[in-house]
Amino acid sequence: QGRPPVTIVDSLGRQVAVPKTIERIISLEPEITRIIVALGAGEKLVGIDFFLRHHDHLFPFVFPAAGRLPVVSNQGQELNYEEAISLCPDLVFASPSEFGMTDSIAKKLKVPVVSLASMGRIGALLEEIGILGRILGREERAAQLVAVFRDRLESLRRPASSLAGNGRPSIYL
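Draft legend 1. Focus on unusual backbone geometry. Here cysteine 88, not a glycine, exhibits a phi torsion of approximately 50°, which is positive. As for its position among the elements, cysteine 88 is in the loop between helix 4 (81-86) and strand 5 (91-94). Its identity is not glycine, yet lysine 110 carries a phi of approximately 60°, on the positive side. Along the chain, lysine 110 falls in the loop between helix 5 (99-109) and strand 6 (113-115). Residue lysine 110 is classed as exposed on the basis of its relative accessible area, which comes to 71%.

Draft legend 2. Spotlight on the layout of surface pockets. A volume near 180 Å³ is recorded for the second largest pocket. A class-by-class count of the residues in the lining of the second largest pocket yields seven nonpolar, three polar and four charged.

Draft legend 3. Quick peek at helix 1 (residues 30-38). Taken together, the buried positions of helix 1 are Pro30, Ile32, Thr33, Ile35, Ile36 and Val37. Each element contacted by the buried residues of helix 1 is listed here: strand 3 (25-27), strand 4 (45-47), helix 2 (50-54), helix 3 (59-62), strand 5 and helix 6 (122-136). One or two residues past the end of helix 1 sits glycine 40, with phi positive at roughly 85°.

Draft legend 4. Highlighting helix 6. Spanning 15 residues, helix 6 covers 21 Å between terminal C-alpha atoms, matching the ideal 21 Å at 1.5 Å per step. Listed in full, the buried residues belonging to helix 6 are Ala124, Leu125, Leu126, Glu128, Ile129, Ile131, Leu132, Gly133, Ile135 and Leu136. Just beyond helix 6, the residue with positive phi is glycine 137, at close to 70°.

Draft legend 5. Main features of the pattern of salt bridges. Tallied over the entire structure, the rule returns five salt bridges. The residue arginine 14 makes a salt bridge to aspartate 103 at a minimum N-O spacing of 4.0 Å. Taken together, the residues arginine 14 in the loop between strand 1 (6-9) and strand 2 (15-18) and aspartate 103 in helix 5 connect sequence positions 89 residues apart. The buried category is assigned to arginine 14, whose relative accessible area is 17%. Measuring nitrogen to oxygen at the nearest pair gives 2.7 Å for the salt bridge that ties arginine 34 to aspartate 56. With arginine 34 in helix 1 and aspartate 56 in the loop between helix 2 and helix 3, this pair connects stretches of sequence that are 22 residues apart. Counted as one network, the salt bridges with shared partners bring together Asp10, Arg14 and Asp103.

Draft legend 6. Highlighting the environment of methionine 101. When you line up the elements, methionine 101 lands in helix 5. Among the residues examined, methionine 101 registers a relative accessible area of 18% and is labelled buried. In this structure the C-alpha to C-alpha distance between methionine 101 and leucine 79, which are 22 residues apart in sequence, comes to 8.8 Å. Here methionine 101 is in contact with Gln77, Tyr81, Ala94 and Ser95, once residues within four sequence places are set aside.

Draft legend 7. Structural detail: the side chain of serine 118. Tracing the chain through its elements places serine 118 in the loop between strand 6 and helix 6. Engagement of the side chain of serine 118 in a polar contact is seen with the side chain of glutamate 31, the distance being 2.9 Å. Setting aside anything within four residues of it in sequence, one finds serine 118 in contact with Glu31, Ala124, Leu125 and Glu128.

Rules and cut-offs
- Residues numbered from 1 in each chain as written.
- Predicted model: local features only at pLDDT ≥ 70, side-chain atom pairs only at ≥ 80, totals over all residues.
- Heavy atoms only, no water.
- Helix = DSSP H or I, 4+ residues; strand = E, 2+ residues; numbered from the N terminus.
- Buried < 20%, exposed > 50% of the residue type's maximum accessible area, 1.4 Å probe, protein only.
- 1 Å grid on protein atoms, 1.4 Å probe; cavity = no way out; pocket = protein on both sides within 12 Å on 5 of 7 lines; lining within 4 Å.
- Points joined across faces, edges and corners; volume = space filled by probe spheres on them.
- Nonpolar A, V, L, I, M, F, W, Y, C, P; charged D, E, K, R; others polar.
- Contact = heavy atoms within 4.5 Å.
- Expected span 1.5 Å × (residues − 1).
- Salt bridge = Lys/Arg side-chain N within 4 Å of Asp/Glu carboxyl O.
- Polar contact = N/O pair within 3.5 Å; in protein donor to acceptor, adjacent residues only side chain to side chain.

Quick look at the structure:
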């Protein structure tokens, strides 16, 4: 019954088996947290990272429920293990910049830990959205988001493609 378990390859090149039912997520990666919300799965978040609470001033407007979620990391991105264990997550998203931390979280919490980060690369971001869609059973919504990004990128490329060299603008999306 339900969907089958999902195995994904994360940004560290690790194969991670993700349970078919995910109801409780801790996200230590702001980018991943934002995508989870964009996929319509924000209600599954049970803990967020320090940055989102203290430095991302738009996130509370986009996802007001974030104000009620416990912060499970400190400013140095270290996980508060006692808090995390008390939240009983089914899955944790962590930064790939700290390989040892990913393994430590998995061992201590005894749940799958997925490390994803597009590192500012649009292609990797679109792939990340697809992976999160598979993990969360929100493939259709993920495909919609990817299509919006591709359409927006194409609409920016068309006018810029007629400009040569230094006349081409730099665009931040």
